[in-house]
Amino acid sequence: ILEALHKHKLLKGHDIGIDTSVIQANASMRTLKNNHTGESYDEYIKRIAKASGVDSENKQAVRDFDRKRKDKTMSNKDWHNPHDPEAKIGPTKEGPIKMTYKVENTVDVETGAIIQTQILPADQADGQDMDQQIKQAQKNINKAEGNKLSSRRIKKVTGDKGYYKIEQMGLLQKRGIKTVIHDPNVYRNIDKLPEEQAQIVKNAKRSVKSLYGKKISRQRGQYVERSFTHQLDNGDLRKATLHGWLNIQKRNLIAGLGVNLSLLMRNIFGLGTPKQTI
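Everything quoted here is computed from the prediction, not taken from an experiment.

(A) A look at the nonpolar core. Membership of the largest hydrophobic core comes to 32 residues, with the highest contact counts inside it found for Ile-23, Met-99, Tyr-101, Val-103, Ile-119, Leu-232 and Ile-248. Contributing elements (two or more residues each) for this core: helix H2 (41-51), helix H3 (59-68), strand E5 (97-108), strand E6 (114-121), helix H7 (211-234) and helix H8 (245-269). Broken down by element, this core gets its largest block of residues, five residues, from H7. Ile-119 has contacts with Ile-23, Tyr-101, Lys-102, Val-103, Trp-245, Ile-248, Gln-249 and Asn-252, leaving out every residue within four places of it along the chain.

(B) Quick look at a nonpolar patch on the surface. Side chains of Ile-1, Ile-254, Leu-257 and Leu-261 sit close together on the surface and give an oily, nonpolar patch of about 330 Å² of accessible area. Mapping Ile-254 onto the fold places it in helix H8.

(C) Inspection of the packing of aromatic side chains at higher detail. Tallied over the entire structure, the rule returns two aromatic pairs. With a centroid separation of 5.2 Å and 80 degrees between ring planes, the pair formed by Tyr-44 and Trp-79 is classed as edge-to-face. Of this pair, Tyr-44 sits in helix H2 while Trp-79 is found in strand E3 (residues 79-80), placing the two residues 35 residues apart along the sequence. The class of Trp-79 is buried, set by a relative accessible area of 4%. One aromatic cluster in this structure is built from Tyr-41, Tyr-44 and Trp-79.

(D) Broad picture of the confidence of the model for the protein. Counting all residues, the mean pLDDT for the protein is 92, and 98% of those residues have values of 70 or more. Within the protein, helix H9 (residues 274-277) has the poorest average pLDDT of any element, 58, and strand E8 (residues 178-181) the best, 97.

Calculation notes
- Residues numbered from 1 in each chain as written.
- Predicted model: local features only at pLDDT ≥ 70, side-chain atom pairs only at ≥ 80, totals over all residues.
- Heavy atoms only, no water.
- Core = buried A, V, L, I, M, F, W, Y, C linked by side-chain atoms within 4.5 Å.
- Buried < 20%, exposed > 50% of the residue type's maximum accessible area, 1.4 Å probe, protein only.
- Helix = DSSP H or I, 4+ residues; strand = E, 2+ residues; numbered from the N terminus.
- Contact = heavy atoms within 4.5 Å.
- Patch = residues over 30% accessible without salt bridge, like charges linked within 9 Å, V, L, I, M, F, W, Y side chains within 5 Å.
- Areas by Shrake-Rupley, 256 points an atom, 1.4 Å probe, with all protein chains shown as cover.
- Salt bridge = Lys/Arg side-chain N within 4 Å of Asp/Glu carboxyl O.
- Phe/Tyr/Trp six-rings, centres within 6.5 Å; stacked < 30°, edge-to-face > 60°.
- pLDDT = per-residue confidence, 0-100.

Here is the structure:
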């Protein structure tokens, strides 16, 4: 599909946007197991409720105890779902805490083509391996265009504040890639940073304030966020119907393929909308 997009001039490969969105796993919070004791959540709550003097046979009393206890935590270090151990506890797009995964898209912000899409653990921080993801995106572009895999086409990368990782941005900048990523710390004292880190921060700040930086930031909001709408919401992947990372990744690749195919079809026929064609 990327080769076809390149043939129709829909894969520029110069300006890249990267972002993540959350999907709900096909796993329930009610079937969690404790990593240390092997107890179900209900068994665990009844045990500590009984130890606190609550009648463990009174379901309403146990629920009230669970709702009001101050030391309540739901950590992935303590709990897992036996039906989908790779799913992680976290907030969904709507807000409630459920079992989740992350989808990370790398998008050509000049055309909206999805260059790469992958499923990540929901507890993995955004941007922690951004340099590797951009390298893989470059390989995908080179393969689609028939270039040497070592060729460099990507010139600028943009992401939200979650992708502001100085070390990762430094790796990109060393390869001649401009990082258009806003600093989440508006009061950062650059003078207190080591010289190398200070230069990375200055480069990123200069890129953000530049004309091309403002342009690519607008494109990120337009194309990267739109890719999730088509892929997850219109593509019916916001709530997974499969178990396990591998199965969900396969389904995610098909959804991403559908987004790119709809882009191609609209370009060829010159009509329709993304929602109609997906």
